[in-house]
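Listed below are the residues making up each chain.
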Amino acid sequence: MDDSEINARLQELRTEHRDLDVALAALQSHGAPDQLQLARLKKRKLRLRDEISMLEDQLLPDIIA
């Protein structure tokens, strides 16, 4: 992947991550949220965060001080 592809993928992942924030807040605002659905959304959000971090690391050069 070149830098432009990585940046495009990062944008997609960040958008999905924000959408999950909204979905989680909406689900939690109900009186008795579905705990299984909450857990799945949180797990997906963590996977997205890991992938975002991995791609951000690819954009930064390795500098040995």
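See above for the structure.
Scoring rules and cut-offs
- Position numbers for residues count from 1 along each chain, tracking the sequence in the order it is written.
- Given that this is a predicted model, residues contribute local features only at a pLDDT of at least 70 and side-chain atom pairs are listed and counted only at 80 or more, while totals for whole chains, interfaces and linings are drawn from all residues.
- Values shown for side chains rest on all heavy atoms present in the structure; no hydrogens or waters enter the calculation.
- To get an axis, fit a line to the C-alpha atoms, keeping to the stretch in contact for a helix; angles then go from 0 to 180 degrees between the N-to-C directions.
- Note on conventions: DSSP H or I runs of at least 4 residues are helices, E runs of at least 2 residues are strands, and numbering of each starts at the N terminus.
- Angular relationships are summarised with four words: roughly parallel below 35 degrees, roughly antiparallel beyond 145, roughly perpendicular across 65 to 115, and oblique for the angles in between.
- With the far helix as reference, a near helix turned anticlockwise by less than a right angle produces a left-handed crossing, and one turned clockwise produces a right-handed crossing.
- The classification used treats Ala, Val, Leu, Ile, Met, Phe, Trp, Tyr, Cys and Pro as nonpolar, Asp, Glu, Lys and Arg as charged, and all other residues, Gly among them, as polar.
- Definition of nonpolar core: a set of buried residues of the types Ala, Val, Leu, Ile, Met, Phe, Trp, Tyr and Cys, connected through side-chain atoms within 4.5 Å.
- Only protein chains enter the area calculation, which uses a 1.4 Å probe; residues under 20% of their type maximum are buried, those over 50% are exposed, and those in between are partly exposed.
- When checking whether two residues touch, look at their non-hydrogen atoms; a contact exists if any pair is within 4.5 Å.
- For this document, the term salt bridge refers to a Lys or Arg side-chain nitrogen within 4 Å of an Asp or Glu carboxyl oxygen.

Asker: Before we go on, may I ask you to explain the packing of helix H1 (residues 3-29) against helix H2 (residues 35-59) in this structure?
Answerer: Viewed as axis vectors pointing N to C, H1 and H2 meet at an angle of 155°, and their least axial separation amounts to 9 Å. It follows that H1 is roughly antiparallel to H2 by the angle criterion. H2 is crossed by H1, and the crossing has left-handed handedness. Classifying every residue of the contact of H1 with H2 by side-chain character gives 13 nonpolar, five polar and eleven charged.

Asker: Just checking my understanding: could you explain the nonpolar core for this structure?
Answerer: Nonpolar side chains tend toward joint burial in soluble globular proteins. Membership of the largest hydrophobic core is limited to eleven residues, which are Ile-6, Leu-10, Leu-13, Leu-20, Leu-24, Leu-27, Leu-38, Leu-41, Leu-48, Ile-52 and Leu-55. For this core, the secondary-structure elements that each account for two or more residues are H1 and H2. Excluding residues within four positions of it along the chain, Leu-20 makes contact with Leu-41, Arg-44, Lys-45 and Leu-48.

Asker: I keep staring at the pattern of salt bridges and nothing clicks. Help me out?
Answerer: When charged atoms on two side chains of opposite charge get close, those side chains can pair. Under the criterion given, the structure shown has six salt bridges. Residue Arg-9 is joined to Glu-12 by a salt bridge in which the shortest nitrogen-to-oxygen separation is 3.2 Å. Of the two residues, Arg-9 and Glu-12 are both situated in helix H1; the distance of three residues between them amounts to about one turn of the helix. On the accessibility criterion, Arg-9 (28% relative accessible area) is partly exposed. For Lys-45, the salt bridge identified is with Asp-21, shortest N-O distance 2.2 Å. Pair noted here: Lys-45 is in helix H2 and Asp-21 is in helix H1, with a separation of 24 residues, a long-range link. Under the relative-accessibility criterion, Asp-21 is labelled partly exposed at 31%.

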